[in-house]
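Next come the chains, spelled out residue by residue.
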Amino acid sequence: MKRVSKLIILSILSLFIVMLIPNNSFAKVSNTSQNLFTSYSSPNAIDSVSYTDGAAGKVAITATMPFSKVTKYSNFTFFVYDETKTLLFQEEGVKGTDIIRASSGDGYFYYTFKNQFDPNKKYFITSLGYSEEPVDARDAASSATEITTPYTEADPFLAPTPVNMAAGAIKYTGVSHVFGCTVYQLNATEDCCINISGFTTTGSNGSIGIFDSLESARKASILYAMDGGSCTKSTASLTGFAVKKGTYYIDVLTDIDATFEFNMECRKYNHAVAKWSVAEGDYKQAFDQNKTITITFEITNADSDAYIPSDATWSAPGDSGNVTVSADGKKGTFKFKTRSWANTDEITIGINELNSEEGTMRTGYSIEIMTGASLQDLKVEVGPNYILFPDFNIPDYGNGSKAKLTVYLKNGKKWVKKFTVPVGTKKVKKIKGLKSSKKYTYKVEMTKKLTNGKTSKTSKKFTVKTGPKGKPAVASAKVSNYVEKKVWVSGRYDAGWVWHPGYWSTNRSYTLTVTLKSPLKGCKGLNCSGKSAKGKGTTFKYYCYGQPPKSVKVRGYSNDTYGGFTAYSSNVTVR
């Protein structure tokens, strides 16, 4: 019978034998058969053997015996010796029970040893039939033929070697006899940085890849790391490969029977400890409008795995720019111009850092820059013994709670709080009890709690001088040049497309002349009904519109911005 037919039978039989052996994590042997080539004159009836995976890393052996050498026997004795021809065990095989005849035309008997064998080890085996006299094991040893069992190796994807996180590199060595790959399982209990170096192999090919699942590792015909890079024999290193918390697989691919070694560190990933600063002031406070400020983002921990890329940019809603980055990638600086209106800008800079949520190597850090409202818009009126705030209708800004205004008056070196009101209130507030013709400094502070929990503050100091003591003495108040003029007001549509017809209206204008009994001291002029007339003498003229008043009262002023008024005069009848 041809040997190829015999090998086909051996393969079929091997599959049958595997089905009878307990599951061993889908291991497989490196060699499945071996010919013994015993001569026909030898008492050894075994012609060849086949190898299959046994239990717990053992090798199962099936012996093949030709009819021509065994037909005279009904039963068989099998002897197994070690390398020194010392008997290890012998087994009795009963023809028809232990001895299997595959088919009538096969020409071979098969016997599977009840004992299993160690892998990669030399043995001597022989098979002798029963004679009338028992066969002595020492006599049978002379006919035993040498075999070498193959390697047996469990499927590395089903039994990966565990690797735990630890600081410092650990050397790993191995050999892939059957599968050509060795798999390690990393249990990353937190964000992890993997460093691989010194990868060598005795084979002509080799690579190391990092995968997030066994499925992706098994399917890879060439091993790639998740970011597209890999540690190959030519590069021999993979530095700073970052993964977020989870389970990963490091797969070493080599030629079959090639040894390998490499150093690997799987340590905690050092995230950036970030610090923002603004050269022109505290960024937690609001800045003036249209002000160019210098913003710095810094990674303060020297061991950080994160860094600012050399081509980093910053971005804000409707605005962006380049960042000047230090040589070590730990500090970035850029310019930003605050808005011309009250606003809160979130400015973001992107750095190379493991994003724990997404598993990517780009993270954005943000700073909020607040542009304060112009507190110059807060109107005040200063009299001879008071500072009056007629309303607080200035712009609010940002999101969060309604802003508040607090007014302080400086007393020596201390600031004395006078009152707090919501921005926008029309309530009149007055600081009373001041001395005339004296300078006072007050501070207005606007605070607002934003939705991000931060509190923005804008403050500004103002210095005013109270008005002179005394009040004007009025000699007379006269109306002249009184004019009435009829004018036509054209019809129009309002916002609701309702027509309003035209009509005649009367416009009135006149000149009001106020004469004092004596000049005002310490004043720039005279104020009458909200109108100011500059002068140092005793006569002041006002050009007015509308119906002339029946009486007036006037006061002197010393400042064009906030008044610095004197007390009012007594009411004077207008003639």
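Treat the numbers as computed from the prediction; the structure is a model and nothing was measured.

Engineer: Quick rundown of the overall build of the chain? Include the residues and the values.
Structural biologist: Counting secondary structure elements, the chain contains four helices and 46 strands. Here the chain holds 575 residues, and the buried ones make up 43% of them. In the chain, once contacts between residues fewer than 6 apart in sequence are set aside, the share between residues at least 24 apart is 67%. Approximately 30400 Å² of the chain is accessible, and the part contributed by carbon and sulfur atoms is 50%.

Engineer: Which residues make up the pairing of strand S14 (residues 181–188), and what values go with them?
Structural biologist: Counted residue by residue, S14 has six buried out of eight residues, so it is predominantly covered. Across four bridges, the pairing between strand S12 (residues 161–164) and S14 is parallel. Bridge pairing in S14 places Asn-164 opposite Asn-187.

Engineer: Now, about the nonpolar core: what can you tell me, with residues and values included?
Structural biologist: Trp-276, Ile-295, Ile-347 and Ile-369 are the most contacted members of the largest nonpolar core, which totals 27 residues. It is strand S23 (residues 292–299) that contributes the most residues to this core, four residues altogether. Non-local contacts of Ile-369, meaning those with residues more than four positions away in its chain, are made with Val-278, Tyr-283, Phe-287, Ile-293, Ile-295, Phe-336, Thr-338, Asn-343, Thr-344, Asp-345 and Ile-347. Within the second largest apolar cluster, 26 residues are counted, among which are Leu-375, Ile-431, Tyr-442 and Met-446.

Engineer: Explain the sheet that holds strand S37 (residues 474–489) to me, and be specific about the residues and the numbers.
Structural biologist: The antiparallel open sheet is built from three strands, whose spatial order is S37-S40-S43. Whereas interior strands pair on both sides, the edge strands pair on one side only; in this sheet they are S37 and strand S43 (539–545). Adjacent strand axes in the sheet meet at a mean angle of 10°, parallel and antiparallel pairs treated alike. Alignment of strand S40 (residues 503–516) against S43, held across seven bridges, turns out to be antiparallel. Across the sheet, Ser-509 pairs through a bridge with Tyr-545, a residue of S43.

Engineer: Tell me about the side chain of Glu-353, and name the residues and values.
Structural biologist: Within the secondary structure layout, Glu-353 lies in the loop between strand S28 (343–351) and strand S29 (363–371). Although Glu-353 is buried, it forms no salt bridge, and the closest oppositely charged side chain is Lys-330 at an N-O distance of 9.5 Å. Only 2.8 Å separates the side chain of Glu-353 from the side chain of Tyr-365, close enough to count as a polar contact. Once residues lying within four places of it in the same chain are set aside, the contact partners of Glu-353 are Tyr-269, His-271, Ala-272, Ala-306, Thr-360, Met-361, Arg-362, Thr-363 and Tyr-365.

Engineer: How would you sum up a nonpolar patch on the surface? Please name residues and give values.
Structural biologist: Taken together, the side chains of Trp-488, Tyr-503 and Trp-504 present a nonpolar region at the surface, about 420 Å² in accessible area. Topologically, Trp-488 is positioned in strand S37. Residue Trp-488 is classed as partly exposed on the basis of its relative accessible area of 47%.

Engineer: Describe in detail unusual backbone geometry, supporting the description with residues and values.
Structural biologist: For Asn-120, which is not glycine, the phi torsion reads 50° and is therefore positive. As for its position among the elements, Asn-120 is in the loop between strand S8 (108–112) and strand S9 (122–129). For Asn-120, a relative accessible area of 41% puts it in the partly exposed group. Despite not being glycine, Ala-236 has its phi angle at roughly 65°, a positive value. Tracing the backbone shows Ala-236 in the loop between strand S17 (231–232) and strand S18 (238–243).

Engineer: Break down the pattern of salt bridges for me, citing the residues and quoting the values.
Structural biologist: Scanning the entire structure with this criterion turns up twelve salt bridges. Residue Asp-118 pairs with Lys-121 through a salt bridge whose shortest N-O separation is 3.7 Å. Note on Asp-118: relative accessible area 27%, which makes it partly exposed. When its relative accessible area of 37% is taken as the criterion, Lys-121 is described as partly exposed. Note that Lys-524 is salt-bridged to Asp-560, the shortest N-O span being 2.7 Å. You can see Lys-524 sitting in the loop between S40 and strand S41 (525–528) and its partner Asp-560 sitting in the loop between strand S45 (554–557) and strand S46 (572–573), a full 36 residues away along the chain. By relative accessible area, which is 56% here, Asp-560 ends up exposed. Through salt bridges that share partners, Lys-58, Asp-118 and Lys-121 make up one connected network.

Engineer: Report on the side chain of Thr-371, specifying residues and quantitative values.
Structural biologist: For Thr-371, the position within the fold is in strand S29. Within polar-contact distance, the side chain of Thr-371 engages the backbone nitrogen of Arg-339 at 3.4 Å.

Engineer: Lay out the packing of aromatic side chains with the relevant residues and their values.
Structural biologist: Within this structure, the stated rule accounts for 27 aromatic pairs. When the ring of Phe-79 is compared with that of Tyr-81, the centres are 6.4 Å apart and the planes differ by 20°; the resulting orientation is stacked. Assigned by exposure class, Phe-79 and Tyr-81 land together as buried. Taken together, a centroid distance of 5.0 Å and an interplanar angle of 90° make the contact between Phe-117 and Tyr-123 edge-to-face. As far as the burial class goes, Phe-117 and Tyr-123 line up, both buried. Three or more aromatic residues joined by ring pairs make a cluster, and in this case those are Phe-67, Phe-76, Phe-78, Phe-89, Phe-109, Tyr-111, Phe-113, Phe-117 and Tyr-123. Across from the ring centre of Phe-124, 4.8 Å away, lies the NZ or CZ of Lys-85, which sits over that ring. A cation over an aromatic ring shows up here: Lys-430 above the ring of Tyr-386, its NZ or CZ 4.1 Å from the ring centre.

Engineer: An account of the sheet that holds S29 is needed here, citing residue identities and associated values.
Structural biologist: Ordered by their spatial adjacency, five strands build an open sheet running S22-S29-S28-S24-S25, and the pairing between neighbours is mixed. The open sheet terminates on both sides in strands that have one partner only, identified here as strand S22 (286–287) and strand S25 (319–322).

Engineer: Please give an account of the confidence of the model for the chain that cites residues and values.
Structural biologist: Counting all residues, the mean pLDDT for the chain is 86, and 89% of those residues have values of 70 or more. Within the model, the stretch residues 221–228 combines pLDDT values under 50 with 25 contacts to residues more than four positions away or in other chains.

Engineer: Just give me the short version of the pairing of strand S42 (residues 531–534), but keep the residues and values in it.
Structural biologist: Bridge analysis of S41 against S42 gives four bridges, and the strand direction is antiparallel. Counted as the bridge partner of Asn-527 is Ser-532 from S42. The turn linking S41 back onto S42 is made up of two residues, and Ser-529 within it adopts a positive phi angle of 50°.

The rules behind these values
- Residues numbered from 1 in each chain as written.
- Predicted model: local features only at pLDDT ≥ 70, side-chain atom pairs only at ≥ 80, totals over all residues.
- Heavy atoms only, no water.
- Helix = DSSP H or I, 4+ residues; strand = E, 2+ residues; numbered from the N terminus.
- Buried < 20%, exposed > 50% of the residue type's maximum accessible area, 1.4 Å probe, protein only.
- Contact = heavy atoms within 4.5 Å.
- Areas by Shrake-Rupley, 256 points an atom, 1.4 Å probe, with all protein chains shown as cover.
- Pairing = 2+ DSSP bridges.
- Core = buried A, V, L, I, M, F, W, Y, C linked by side-chain atoms within 4.5 Å.
- Axes fitted to C-alpha atoms, helices over the stretch in contact; angles between N-to-C directions.
- Lys, Arg positive; Asp, Glu negative; His and termini not counted.
- Salt bridge = Lys/Arg side-chain N within 4 Å of Asp/Glu carboxyl O.
- Polar contact = N/O pair within 3.5 Å; in protein donor to acceptor, adjacent residues only side chain to side chain.
- Patch = residues over 30% accessible without salt bridge, like charges linked within 9 Å, V, L, I, M, F, W, Y side chains within 5 Å.
- Phe/Tyr/Trp six-rings, centres within 6.5 Å; stacked < 30°, edge-to-face > 60°.
- Lys NZ or Arg CZ within 6 Å of the ring centre and 35° of its normal.
- pLDDT = per-residue confidence, 0-100.

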